[in-house]
Amino acid sequence: CVECFLHVYSNAGLPNAMGGYDDTPADMASENKVFFENGWLNMVGGCCGSTPPHIKAIREMSEQFEPRKLPDVGRPKMWLSGLEDLVVDDVHNHLGLPFLNVGERCNISGSIRFKKLMMSGDY
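The model shown is predicted, which means the values in this text are computed figures rather than measured ones. (Residues numbered from 1 in each chain as written. Predicted model: local features only at pLDDT ≥ 70, side-chain atom pairs only at ≥ 80, totals over all residues. Heavy atoms only, no water.)

(A) Examining the overall build of the chain more closely. Looking only at helices and strands, the chain features three helices and four strands. Counting all 123 residues of the chain, 20% fall into the buried class. Considering only contacts in the chain between residues 6 or more positions apart, those separated by 24 or more positions represent 55%. A total of about 9100 Å² of accessible surface is found on the chain, and carbon and sulfur atoms cover 55% of it. (Helix = DSSP H or I, 4+ residues; strand = E, 2+ residues; numbered from the N terminus. Buried < 20%, exposed > 50% of the residue type's maximum accessible area, 1.4 Å probe, protein only. Contact = heavy atoms within 4.5 Å. Areas by Shrake-Rupley, 256 points an atom, 1.4 Å probe, with all protein chains shown as cover.)

(B) Molecular detail of the side chain of N42. Among the structural elements, N42 can be located in the loop between helix 1 (25–37) and strand 2 (43–46). A polar side-chain atom of N42 sits 2.8 Å from the main-chain amide nitrogen of L6. Those residues in contact with N42 that sit more than four places away from it in its chain are C4, F5, L6 and R68. (Polar contact = N/O pair within 3.5 Å; in protein donor to acceptor, adjacent residues only side chain to side chain.)

(C) Main features of a nonpolar patch on the surface. Residues V2, W79 and V87 make up a contiguous nonpolar surface patch of about 260 Å² in total accessible area. Along the chain, V87 falls in strand 4 (residues 86–88). The partly exposed category is assigned to V87, whose relative accessible area is 36%. (Patch = residues over 30% accessible without salt bridge, like charges linked within 9 Å, V, L, I, M, F, W, Y side chains within 5 Å. Salt bridge = Lys/Arg side-chain N within 4 Å of Asp/Glu carboxyl O.)

(D) Here's a closer look at the pattern of salt bridges. Per the counting criterion, the structure on display carries three salt bridges. In this structure, R59 and E60 form a salt bridge, with 4.0 Å as the shortest nitrogen-oxygen distance. What you see here is one network of salt bridges that share partners, running through K56, R59, E60 and E63.

(E) Broad picture of the nonpolar core. In terms of nonpolar packing, the biggest core is built from nine residues, these being V8, A12, M28, A29, F36, L41, A57, I58 and M61. Taken together, the elements giving at least two residues each to this core come down to helix 1 and helix 2 (52–62). Those residues in contact with L41 that sit more than four places away from it in its chain are L6, H7, V8, F35, F36, P67 and R68. (Core = buried A, V, L, I, M, F, W, Y, C linked by side-chain atoms within 4.5 Å.)

(F) View of the packing of helix 1 against helix 2. Packing of helix 1 against helix 2 brings their axes to within 8 Å, and their N-to-C directions diverge by 40°. Compared by their axis directions, helix 1 and helix 2 come out oblique. At the point where helix 1 passes helix 2, the crossing takes the right-handed sense. Contact with helix 1, carried on its side by P25, A26, M28, A29, N32, K33 and F36, involves P53, H54, A57, I58, M61 and S62 of helix 2 and no other residues of that element. Split into classes, the residues belonging to the contact of helix 1 with helix 2 amount to nine nonpolar, three polar and one charged. (Axes fitted to C-alpha atoms, helices over the stretch in contact; angles between N-to-C directions. Parallel < 35°, antiparallel > 145°, perpendicular 65-115°, else oblique. Left-handed = near helix turned anticlockwise from the far one by under 90°. Nonpolar A, V, L, I, M, F, W, Y, C, P; charged D, E, K, R; others polar.)

In structure tokens form, the structure reads like this:
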């Protein structure tokens, strides 16, 4: 049992030979359904190749399921996967929940507006 919120943001399939993604919105919703059926998710989204119709199809498929309840094991943690796992339990947002801003296009050095939003907690 995972002690943290679980978020899946899948691609719309594997990249094809041209670098595009071929899964239809129905394909992507169907492939994500197993996560909902087993009660594994708190959040879901889309990554590479996903479009607003993909997200809409996932949302419509997921409406029949309840979000996963966190186990009663203490304060929630954020556990991120990658080449190595990262457990975030020492940085919290204004609600007292773990928070870590992760973004491929987030750069406070390149945008004064973005920096002001981050520094004021407006994210």
